[in-house]
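Examination of the molecular architecture
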Amino acid sequence: QVTLVESGGGLVQAGGSLRLSCAASGTRYSIGVMRWTRQVPGKQHEEVASITGDGSTTYADSVKGRFTISRDNAKITMYLLMNNLKPEDTARYYCNAYAYRGGSRSDIWGQGTQVTVSS
């Protein structure tokens with residue numbers, strides 16, 4: 001079984017920075033594309049950023065230029081560096097990944113980590 005665990009969330013002032021981590025646990029799996037999503041209660045789920053196994057990245061317009069997604073394939077860990085945070089970035093952030101084993105693919109989700117940006 002593959003498990004994703006997010007960490008690094010917390011409370012930060014507007015204009016500050018925060019670094020989220022997503023660590024994958026479990027052997028005999030290959031991790032493909034990984035992404036960060038976020039959700040505010042009562043609002044639609046939003047994709048924040050994604051990164052492929054070879055490092056190609058995609059960002060939502062709302063975070064482009066402020067957030068940086070990266071991954072360490074040796075550690076099987078994904079990161080999201082968030083700079084110049086704004087109150088509207090407040091949300092629960094989730095790690096999501098495709099896990100491959102024996103020709104099958106599983107869509108894996110973490111439990112999420114809360115990010116709160118104060119004005």
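Remember, predicted model here, so these are calculated numbers, not experimental data. (Residues numbered from 1 in each chain as written. Predicted model: local features only at pLDDT ≥ 70, side-chain atom pairs only at ≥ 80, totals over all residues. Heavy atoms only, no water.)

1. Re the pattern of salt bridges
Pairing between side chains of opposite charge can happen when their charged atoms approach one another. Applying the stated rule across the entire model yields five salt bridges. Between R38 and D89 there is a salt bridge, and its shortest N-O distance comes to 3.0 Å. With R38 in strand β4 (residues 30-39) and D89 in the loop between β8 (77-82) and β9 (91-101), the pair connects residues that are 51 residues apart, well separated along the chain. Take D89: its relative accessible area is 1%, and that puts it in the buried class. (Salt bridge = Lys/Arg side-chain N within 4 Å of Asp/Glu carboxyl O. Helix = DSSP H or I, 4+ residues; strand = E, 2+ residues; numbered from the N terminus. Buried < 20%, exposed > 50% of the residue type's maximum accessible area, 1.4 Å probe, protein only.)

2. Quick notes on the sheet that holds β8
Here we have four strands laid out as an open sheet, ordered β1-β3-β8-β7, and antiparallel in their pairing. The sheet terminates laterally at β1 (3-7) and β7 (67-72), the two strands that pair on one side only. The sheet shows a mean angle of 15 degrees between the axes of neighbouring strands, direction not considered. Note: strand β3 (residues 18-25) against β8, six bridges, orientation antiparallel. Bridging across to β8, L18 finds its partner in M82. (Pairing = 2+ DSSP bridges. Axes fitted to C-alpha atoms, helices over the stretch in contact; angles between N-to-C directions.)

3. With respect to the packing of aromatic side chains
Using the criterion set out here, one finds zero aromatic pairs in the structure. Taking NZ or CZ as reference, R105 lies 4.1 Å from the ring centre of Y98, over its face. (Phe/Tyr/Trp six-rings, centres within 6.5 Å; stacked < 30°, edge-to-face > 60°. Lys NZ or Arg CZ within 6 Å of the ring centre and 35° of its normal.)

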